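Coordinate inspection notes
Spelled out, the chains give:
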Amino acid sequence: MSGILYLCATPIGNLEDITFRVIRILKEVDLIAAEDTRNSIKLLNHFEIRTPMTSYHEYNKFEKGRKLIERLLSGESIALITDAGTPGISDPGEELVKMCHEACITVTSLPGPAACITALTISGLETRRFAFEAFLPADKKERLQVMKELERETRTMILYEAPHRLVKTLKLLSEHLGEMRRVTVCRELTKRHETAFLTTLGEAGAFYEEHEPKGECVLVIAGKSREELDAEEKSRWEKLSIEEHMQVYLDQGMEQKEAMKKVAKDRGVPKREIYRFLANL
């Protein structure tokens, strides 16, 4: 019988945020796989956890992952921890979980701290619907594609960013989402100097140009309102003549009567106005 992979959430700042269950499991498993053993040893020493530890990170996730799978299949149980927060969220733990499922190994997650949720709940922005983007891609072309997608996002967006890249990222977001888009910049979450700065993208960029940010940052950004999207869509259609607008739907194979209804809806006018206009051509 194979062992179990435990995804153990660890504190993102305040050590008191670890759960009793996580401490117990870290003591009971055969092995702890840690993103950075030098960082994690401080946590283990604090809670007097003597379980053997091995490294599992972005640069060895496939090779080490296969070795961990072998140990799990032999019956050993392993706890996976990240530097801070919940494993599998924007870290290589995601790959190990996939490998476990392929090998029919049981995976369970021990709930606990997650920077994205912590930031969202104190942001002062809408929390019912949100999109987690983690770090923006390093590749310029891919990053631009993501920004294009975010331009029309109606859900609250959550991004991670390092302090030395914060100003550059805020400027990029301002260019694509608008300087007046609301954002909460969260820093030093759960720590003594925790801050949640609710402002606009433009003002946040200007502020951090003058005040060098410290600590990892989480950006919680308001989504575009549906009213804005509807107004943009209507404006786009109004740039076309009614004949050009009709042709868009006719080219899609739509019947003329149905195309007229669509055009009227797009332009926010009664259907009879479209019928009358086309009848007088």
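Scroll up a little and you will see the structure.
This write-up is about the structure you can find in this document. (Residues numbered from 1 in each chain as written. Predicted model: local features only at pLDDT ≥ 70, side-chain atom pairs only at ≥ 80, totals over all residues. Heavy atoms only, no water.)

Re the overall build of the protein
On a plain count of helices and strands, the protein comes out with 12 helices and 10 strands. The C-alpha atoms of the protein give a radius of gyration of 25 Å, which is well past the 19 Å a tight globule of 281 residues would have. Dimensions of the protein, computed from C-alpha atoms along their principal axes, come out at roughly 85 × 50 × 30 Å. Relative to its 281 residues, the protein shows a buried fraction of 44%. Put simply, 69% of the contacts in the protein that link residues at least 6 apart link residues at least 24 apart. Looking at the protein, you have 42 positive and 46 negative side-chain charges, and the mean spots of the two groups are 2 Å apart. (Helix = DSSP H or I, 4+ residues; strand = E, 2+ residues; numbered from the N terminus. Rg over C-alpha atoms; globule rule 2.2 N^0.38 Å. Buried < 20%, exposed > 50% of the residue type's maximum accessible area, 1.4 Å probe, protein only. Contact = heavy atoms within 4.5 Å. Lys, Arg positive; Asp, Glu negative; His and termini not counted. Charge placed at Lys NZ, Arg CZ, Asp CG, Glu CD.)

As for the side chain of Asp91
Tracing the backbone through its elements, the reader meets Asp91 in the loop between strand 4 (78-81) and helix 4 (93-102). For the buried residue Asp91, which engages in no salt bridge, the nearest side chain bearing the opposite charge is Lys61, 8.8 Å off. (Salt bridge = Lys/Arg side-chain N within 4 Å of Asp/Glu carboxyl O.)

Regarding the environment of Glu16
For Glu16, the location among the structural elements is in the loop between strand 1 (4-8) and helix 1 (20-28). Once the C-alpha coordinates of Glu16 and His245 are considered, the two residues, 229 residues apart in sequence, prove to be 61 Å apart.

Some points on unusual backbone geometry
What you tend to see is this: most non-glycine residues have negative phi, and most peptide bonds are trans. With a phi close to 55°, Glu48 is a non-glycine residue in the positive phi region. Looking at where Glu48 falls in the secondary structure, it is placed in the loop between helix 2 (37-46) and strand 3 (53-55). In this model, Thr190 sits at a positive phi of 70°, which is unusual for a non-glycine residue. Tracing the backbone shows Thr190 in the loop between strand 8 (182-187) and strand 9 (195-200).

So, the sheet that holds strand 7 (residues 156-161)
Strand order in the open sheet formed by 5 strands is 6-7-10-8-9, and the pairing between neighbours is mixed. Among the strands making up the open sheet, the edge pair consists of strand 6 (130-134) and strand 9. Neighbour-to-neighbour, the strand axes of this sheet turn through a mean angle of 20°, independent of strand direction. The pairing of strand 8 with strand 9 spans 6 bridges and is classified as antiparallel. Along strand 9, the bridge assignment pairs Arg182 with Thr200. Relative to strand 7, helix 5 (residues 115-122) is tilted by about 130°, and along the sheet it contacts strand 6, strand 7, strand 8, strand 9 and strand 10 (217-221). (Pairing = 2+ DSSP bridges. Axes fitted to C-alpha atoms, helices over the stretch in contact; angles between N-to-C directions.)

Focus on the state of the cysteines
This model, assessed by the stated rule, comprises 0 disulfides. The thiol of Cys100 is not disulfide-bonded; the next cysteine sulfur, from Cys104, is found 11 Å away. Note on Cys100: relative accessible area 0%, which makes it buried. Free of any disulfide, Cys186 has its nearest cysteine sulfur in Cys217, 9.3 Å distant. (Disulfide = S-S within 2.5 Å.)

Brief notes about the packing of helix 6 (residues 140-150) against helix 7 (residues 166-177)
In contact at an axis separation of 9 Å, helix 6 and helix 7 are set at 50° when each is read in the N-to-C sense. Judged by the inter-axis angle, helix 6 sits oblique to helix 7. As for the relative orientation of helix 6 and helix 7, their crossing is right-handed in sense. Note on element contacts: helix 7 touches helix 6 through Leu172, Leu173, His176 and Leu177, opposite Arg143, Leu144, Met147 and Leu150. For the contact of helix 6 with helix 7, the residue count by class is 6 nonpolar, 1 polar and 1 charged. (Parallel < 35°, antiparallel > 145°, perpendicular 65-115°, else oblique. Left-handed = near helix turned anticlockwise from the far one by under 90°. Nonpolar A, V, L, I, M, F, W, Y, C, P; charged D, E, K, R; others polar.)

Observations concerning the nonpolar core
Counting 20 residues, the largest nonpolar core has Leu173, Leu219 and Ile221 as the members making the most contacts within it. Secondary-structure elements contributing two or more residues to this core are helix 6, strand 7, helix 7, strand 8, helix 8 (201-210) and strand 10. With 6 residues, the single largest contributor to this core is helix 7. Each residue touching Leu173, except ones within four places of it in the same chain, is listed here: Met147, Leu159, Gly178, Leu201, Leu219 and Ile221. Counting residues in each nonpolar core, the second largest holds 17 residues, with Ile32, Leu44, Phe47 and Leu110 among its members. (Core = buried A, V, L, I, M, F, W, Y, C linked by side-chain atoms within 4.5 Å.)

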